[in-house]
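Working through the structure, step by step
Letter by letter, the chains look like this.
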Amino acid sequence: MHAEPAVVVPTKQRYSLARVLDHWYIACASHELGSKPLARTIFDTPLVLFRSDNGPVTLLDRCAHRNVPLSLGRVEKQHLVCGYHGWAFDGAGQCQQVPALCSEQTGKARRVPAFATREQQGFIWVYMRPDVQPEVQPFEFPHVDSPGYGTVRHTMDFRGTLHATLENILDVPHTAFLHRGFFRGVTRNRITVKVQRGPDRVEAEYLGEPVPTGVMGRILAPQGGTVGHYDRFIMPSVAQVEYQLGAKNHIMISSALTPIRDFETRLHAVATFRTVFPAPILKAVLTPIGKHVLKQDYDMLSKQTDAVQHFGGEQYVHTDVDVLGAHILRLLKRAERGEGPFADTETFETELLA
Amino acid sequence: MHAEPAVVVPTKQRYSLARVLDHWYIACASHELGSKPLARTIFDTPLVLFRSDNGPVTLLDRCAHRNVPLSLGRVEKQHLVCGYHGWAFDGAGQCQQVPALCSEQTGKARRVPAFATREQQGFIWVYMRPDVQPEVQPFEFPHVDSPGYGTVRHTMDFRGTLHATLENILDVPHTAFLHRGFFRGVTRNRITVKVQRGPDRVEAEYLGEPVPTGVMGRILAPQGGTVGHYDRFIMPSVAQVEYQLGAKNHIMISSALTPIRDFETRLHAVATFRTVFPAPILKAVLTPIGKHVLKQDYDMLSKQTDAVQHFGGEQYVHTDVDVLGAHILRLLKRAERGEGPFADTETFETELLA
Amino acid sequence: MHAEPAVVVPTKQRYSLARVLDHWYIACASHELGSKPLARTIFDTPLVLFRSDNGPVTLLDRCAHRNVPLSLGRVEKQHLVCGYHGWAFDGAGQCQQVPALCSEQTGKARRVPAFATREQQGFIWVYMRPDVQPEVQPFEFPHVDSPGYGTVRHTMDFRGTLHATLENILDVPHTAFLHRGFFRGVTRNRITVKVQRGPDRVEAEYLGEPVPTGVMGRILAPQGGTVGHYDRFIMPSVAQVEYQLGAKNHIMISSALTPIRDFETRLHAVATFRTVFPAPILKAVLTPIGKHVLKQDYDMLSKQTDAVQHFGGEQYVHTDVDVLGAHILRLLKRAERGEGPFADTETFETELLA
């Protein structure tokens, strides 16, 4: 980031950052964690995961002794053994053995922070407040096991804050512009947006949206019809886009984001869908389109990140059609301050051309 | 730069930096700006240039909405259109259209800073104080269109402050040493230097200088004779070297520098000359020599910059023969503080061996 | 290093750093310094060495005039001449000539700091407090010229603090783990360690240590026997390991470390030995093992350094078997504060399994 103040155009040193530790984030896919320790980073904090008989374990990836990464070590008898001096840590982060030591082995100071860990639907989730028993549950991807639904998973990293990435995924106006031709055609329609902010989420419902005239629309609903369309943010890091095209097509793309560090965010997208097309054909058609669209978003977020870092802060202007971004930030900031979910629900309505 | 203080040899954290915003700098050559937006950086500030029917326009290269670079967008109907959400900015930086918005389009907050822009003698100049009507004019290169004069243009970047680059260009003593053999021979001559500091410039006149005995001298004045030699700094960033060898040879090399950022400076040199030699022959002979000399200066300035950054500041000693550097810094610092040009003129005299 | 505080696991911004300037460090091997100036860095301070008739000279590698590195210049008539303007410095750092200057040449301000320099046993040592006559002597490597002793020299750089590198070299417990199979076998022995901290050193004597069962032991003492084993730290930066295997084998490995900068340390190891094997055979056998062991230590120190820098500080836990590290840091910190050597001697005893 910028050491010197910007002399020509001063900018407030402020970013849309919120680090909500009291919640769950995906550390890795289940298949990535085998018999060896695995290093991952969340909130710029090095973690090491390993499997014990009681399920996956997550510890701070820093030996209590001389601070080398425990992920360089190995798993032996349910313990994670450091590669430097052989200190052996159990699933609670307590050191159970110091090989060279004649005196007692389990000094209280000899421990590393441990993070609650859960394996669910093929992902391993970590609760980012260390040494705490979580009161909330990890997000569950909908329809993963529902009959008649196909599933596609995709993981990729964005160079952008958690907030910028969430806003990008749930933003409608940019699709007509950055992704011109994929989602929307030339004709613009006046669409009513109903926004409902609940205790731990905010949802935008798009009313009166015609079937998209872009490539996507022609594939999924060649005969037209009406569309049900919802964009949702669910705390702390899920962006969900839901489409209902006629009675027969239902698509949900749920993206659970992991903040690797302030300006780097990993996306774990799970698309679950039931369409008139057989799932394999739909996959074959939509996968290259999806990759192209994600690449465009990746590039734009990277350039946005370069710019805000160069200026030393964000200087955004908001309009009526930036429907979710500000609500998302309020939810995140509130949780970061430890204030708990909102007690009430608020509803807003606006219109946009798309 | 250095985070830690230097423990062995403490150095004051001070650099010869001055950022004079109330003046003109070259952003690019005219031929570089076509129908697409062009990104340039001055004073570490990203700018975007584009052509409108009213001439070239310069805006801050940061969309008012989500801060992505406008230079990623395109020019449509006299407007610069952002590539993310399609916001369209006019030549004054005012947003004239937000495609997704149903309500009014031209909110006052939706604007980006605009910089006065002038196209002149094949260069596009930008006034670096945004949203201001300049009271001064850009520098005019002399003799560009004078009959009998040839012109050579050369652009290159130095890794050094504006001040260090100016001082290097206008410094005589280093030519005998760093460029040994090119400008001066083995014999040293005692030369009187008359320094005159005016309101917005400082000039050194070298009296009694014989024709140089190096390569340059032998080419331009094989029969010897006297020399008229002036080195000039003209606010805010022009270094000018003028030679008159006998009645028939007149050479002016005017370098308009652009401070890209604190330690990176772009040189736009325009050499205009009238000599006994035909211009094409002179160009053919002097171009490789000029490149060699500039490479030597480039390397030395880079090493100087590495050193002052490593130590966290400059720790210079000045002597009588560093004739212009201190005056240049005073002029720049005064203008940076907004005090306007000096009211008086001062004259100094010294001697040097060269 | 880390700009932002670590939010998940806060860490004190504290490192085991001590910069003892009032002592000698190896700048280079004698054969590296020929007729050209040589650039070296110690304590992050650029130095330039050159040879004069009075022996090697070390100056700050920064010209007093415009701060370019003097190491870009050349040696002429006992002076180091800067490549930019030709200022010529003598062995005391005083400028004796400014070529362009008509007035007096040896202004007092025109000097660069000079460092006491000593050539000894094939190394050039520099005293890191500038412009001071040292009261202490550089370390002398033992047995370099003793009859019957072979010598091997090895130089390499570690990415770690001086303290972390010293502790690693003198640490016994990690050898059984990181270097498993090389030094020690599977059977662990209870060994008594006698630690004696003197005025300017600390020594660990290992009592009752059997001949190592690893590769090293089998090579040097195939028939077993008892071992004399001492690990020593000698101010400010020598780590010495001494082994006596039976009457006939005596090995001393003395490592004089040079702190290039806070997290980069150069090792100059001199092994002197008298063994039942002819020296060339021992060298041939032990060199590849030594390289492998050093590579393992290099990798581990690098990872440790990454980790402490990432967290913004060290957060170590100490045990009874970390026998020398804390004493070394106390000696270094005391000397950094200029308090001089300890007046007394302390003795401690502990036990470890190795």
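Everything in this summary refers to the structure shown in the same document. Computed from a predicted structure; not experimentally measured.

Calculation notes
Residues numbered from 1 in each chain as written. Chains lettered and ligands numbered in written order. Predicted model: local features only at pLDDT ≥ 70, side-chain atom pairs only at ≥ 80, totals over all residues. Heavy atoms only, no water. Helix = DSSP H or I, 4+ residues; strand = E, 2+ residues; numbered from the N terminus. Rg over C-alpha atoms; globule rule 2.2 N^0.38 Å. Buried < 20%, exposed > 50% of the residue type's maximum accessible area, 1.4 Å probe, protein only. Contact = heavy atoms within 4.5 Å. Areas by Shrake-Rupley, 256 points an atom, 1.4 Å probe, with all protein chains shown as cover. Lys, Arg positive; Asp, Glu negative; His and termini not counted. Charge placed at Lys NZ, Arg CZ, Asp CG, Glu CD. Phe/Tyr/Trp six-rings, centres within 6.5 Å; stacked < 30°, edge-to-face > 60°. Lys NZ or Arg CZ within 6 Å of the ring centre and 35° of its normal. Buried area = accessible area lost by both parts, 1.4 Å probe. Salt bridge = Lys/Arg side-chain N within 4 Å of Asp/Glu carboxyl O. Pairing = 2+ DSSP bridges. Axes fitted to C-alpha atoms, helices over the stretch in contact; angles between N-to-C directions. Least-squares fit on C-alpha atoms with pLDDT ≥ 70 in both. Polar contact = N/O pair within 3.5 Å; in protein donor to acceptor, adjacent residues only side chain to side chain. Nonpolar A, V, L, I, M, F, W, Y, C, P; charged D, E, K, R; others polar. Disulfide = S-S within 2.5 Å. Left-handed = near helix turned anticlockwise from the far one by under 90°.

1. Thoughts on the overall build of chain A
Counting its secondary structure elements, chain A contains four helices and 19 strands. Relative to the 2.2 N^0.38 estimate, which gives 20 Å for 354 residues, the radius of gyration of chain A is 23 Å and therefore close to what a compact globule would have. Viewed in the frame of its principal axes, chain A has a C-alpha envelope of about 80 × 60 × 40 Å. A burial count over chain A gives 58% of its 354 residues as buried. Here the analysis covers contacts within chain A between residues at least 6 apart in sequence; of these, 61% occur between residues at least 24 apart. By element, 53% of the accessible surface of chain A is carried by carbon and sulfur atoms, the whole surface being about 14700 Å². In chain A, 38 side chains carry a positive charge and 37 a negative one; their mean positions are 4 Å apart.

2. Regarding the packing of aromatic side chains
Taken as a whole, this structure holds 21 aromatic pairs over all chains when the rule is applied. Taking 6.2 Å as the distance between ring centres and 40 degrees as the angle between the ring planes, the aromatic pair formed by Phe158 of chain B and Tyr298 of chain B counts as tilted. A residue pair is termed long-range when its members are at least 10 positions apart, and Phe158 of chain B in strand E12 (residues 150–158) and Tyr298 of chain B in helix H3 (residues 279–311) qualify at 140 residues. Here a set of aromatic residues connected by ring pairs shows up, and it is made of Phe123, Trp125, Phe139 and Phe141 of chain A. Note that Arg62 of chain B overlies the ring of Phe311 of chain A, its terminal NZ or CZ placed 4.2 Å from the centroid. Between Arg197 of chain B and the ring centre of Phe342 of chain B, over which it is positioned, the NZ or CZ distance is 3.8 Å.

3. Things to note about the interface of chain A and chain B
Between chain A and chain B, the contact holds 36 residues from the first and 35 residues from the second. For the chain A and chain B pair, buried surface summed over both sides reaches about 3100 Å², with 62% attributable to carbon and sulfur atoms. Together, Val8, Phe177 and Val317 of chain A form the three largest contributors to the area buried by chain A at its contact with chain B, with a combined 22%. The interface formed by chain A and chain B holds two salt bridges in total.

4. Observations regarding the sheet that holds strand E11 (residues 123–127) of chain A
Residues and elements named next belong to chain A. Read from one edge to the other, the open sheet built from three strands follows the order E1-E11-E10, with strand pairing classed as antiparallel. Strands at the two margins of the open sheet, each flanked by one partner only, are strand E1 (24–29) and strand E10 (117–120). The mean angle between the axes of side-by-side strands here comes to 30 degrees, regardless of whether they run parallel or antiparallel. Here E10 runs beside E11; their pairing, made up of four bridges, is antiparallel.

5. Observations regarding the relation of the copies chain A and chain B
Here chain A sits on chain B after a turn of 120 degrees about the axis and a move of 0.1 Å along it, with an RMSD of 0.0 Å. The transformation just described matches what one would write down for a three-fold rotation axis.

6. Brief notes about the interface of chain A and chain C
Interface size is commonly expressed as the accessible surface area that is lost when the partners come together. Listed per partner, the contact involves 35 residues of chain A and 36 residues of chain C. Around 3100 Å² of area is buried between chain A and chain C when both sides are counted, 63% of it from carbon and sulfur atoms. Together, Arg62, Arg66 and Tyr84 of chain A form the three largest contributors to the area buried by chain A at its contact with chain C, with a combined 24%. Taken together, the connections running from chain A to chain C amount to two salt bridges. Linking Glu167 of chain C and Arg66 of chain A is a salt bridge whose minimum nitrogen-to-oxygen distance equals 2.9 Å. Inspection of the chain A/chain C interface yields 13 residue pairs in polar contact (both at pLDDT 80 or more). Across the side of chain A that touches chain C, the residue classes break down as 21 nonpolar, seven polar and seven charged.

7. Brief notes about the state of the cysteines
Per the stated rule, a full pass over the model turns up zero disulfides over all chains. Of all cysteine sulfurs in the structure, the one in Cys63 of chain A sits closest to Cys95 of chain A, which takes part in no disulfide; the separation is 7.3 Å. Here Cys63 of chain C is not cross-linked by a disulfide; its sulfur's nearest cysteine counterpart is in Cys82 of chain C, at 3.9 Å. With relative accessibility at 2%, the residue Cys63 of chain C sits in the buried group.

8. Focus: the side chain of Thr272 of chain B
Residue and element names in this part refer to chain B. For Thr272, the position within the fold is in strand E18 (residues 264–274). Classification of Thr272 by relative accessible area gives buried; the value is 1%. Separated by 3.2 Å, the side chain of Thr272 and the backbone oxygen of Pro142 make a polar contact.

9. Some details on the sheet that holds strand E10 (residues 117–120) of chain C
Residue and element names in this part refer to chain C. Spatially, E1-E11-E10 is the arrangement adopted by the three strands of the open sheet, whose pairing is antiparallel. Single-partner strands in this sheet number two, and they are strand E1 (24–29) and E10. Averaged over neighbouring strand pairs, the angle between their axes works out to 30 degrees when direction is ignored. Sheet analysis places E1 next to strand E11 (residues 123–127), joined by five bridges and oriented antiparallel. Along E11, the bridge assignment pairs Trp24 with Tyr127.

10. Focus: the packing of helix H1 (residues 162–169) of chain C against helix H4 (residues 325–336) of chain C
All names here are of chain C. At a minimum axis distance of 10 Å, the contact between H1 and H4 shows a crossing angle of 140 degrees. The hand of the H1/H4 crossing is right-handed. Across from Leu162, His163, Leu166 and Glu167 in H1, the residues of H4 making contact are Gly325, Ile328, Leu329 and Leu332. Residue classes in the contact of H1 with H4 are distributed as five nonpolar, two polar and one charged.

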